[in-house]
Amino acid sequence: MAKGFTQEQLANELGIEISQISRIERGVINTSITTLYSISKVLNIDISELFVCDGN
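> Lay out the overall build of the protein with the relevant residues and their values.
On a plain count of helices and strands, the protein comes out with three helices and zero strands. Reading the protein from its N end, one meets helices and strands in the order α-α-α. Relative to its length of 56 residues, the protein is compact, with a C-alpha radius of gyration of 11 Å against a globular reference of 10 Å. Oriented by its inertia axes, the alpha-carbon framework of the protein measures out at about 25 × 25 × 20 Å.

The following block contains the structure:
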């Protein structure tokens, strides 16, 4: 959300299911480094930012 994307928009950009984005966010599933790299590129962030816990 901080980058202005909904889960649906991010999923569409990546060509994956919305439910997969939700499960990745909640830590229910692990994902490939390739998917993480793609997420970081779409969000225009360094991949390391995907591993930072904001305490929520």
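After that view, the rundown keeps rolling.
> Please provide a residue-by-residue account of the nonpolar core, values included.
Formed by Leu10, Ala11, Leu14, Ile21, Ile39, Leu43 and Ile45, the largest nonpolar core amounts to seven residues. At the level of elements, α1 (7-14) and α3 (33-43) are the ones that each hand at least two residues to this core.

> Explain α3 to me, using residue names and the numbers behind them.
Along α3, the residues that are buried comprise Thr35, Leu36, Ile39, Ser40 and Leu43. The arc enclosing the buried residues of α3, seen along the axis, measures out at 140 degrees, which places them on a common side. With respect to the buried face of α3, the exposed residues turned more than 90 degrees away are Ile33 and Thr34. Buried residues belonging to α3 abut α1 and α2 (18-26). A positive phi of about 60 degrees marks Asn44, the residue just after α3.

> Tell me about the environment of Glu8, residues and numbers included.
Its place among the elements puts Glu8 in helix α1. Sequence-wise, Glu8 and Ser19 are eleven residues apart; in three dimensions their C-alpha atoms are separated by 8.9 Å.

> Tell me about the packing of α1 against α2, residues and numbers included.
For the pair α1 and α2, interaxial distance at closest approach is 8 Å and the crossing angle is 110 degrees. Relative to α2, α1 is oriented roughly perpendicular. For the pair α1 and α2, the crossing hand works out as right-handed. Here Gln7, Glu8, Leu10, Ala11 and Leu14 of α1 lie close against α2, whose contacting residues are Ile18, Ile21, Ser22 and Glu25.

About the criteria used
- Residues numbered from 1 in each chain as written.
- Predicted model: local features only at pLDDT ≥ 70, side-chain atom pairs only at ≥ 80, totals over all residues.
- Heavy atoms only, no water.
- Helix = DSSP H or I, 4+ residues; strand = E, 2+ residues; numbered from the N terminus.
- Rg over C-alpha atoms; globule rule 2.2 N^0.38 Å.
- Core = buried A, V, L, I, M, F, W, Y, C linked by side-chain atoms within 4.5 Å.
- Buried < 20%, exposed > 50% of the residue type's maximum accessible area, 1.4 Å probe, protein only.
- Arc of directions from axis to C-beta.
- Contact = heavy atoms within 4.5 Å.
- Axes fitted to C-alpha atoms, helices over the stretch in contact; angles between N-to-C directions.
- Parallel < 35°, antiparallel > 145°, perpendicular 65-115°, else oblique.
- Left-handed = near helix turned anticlockwise from the far one by under 90°.

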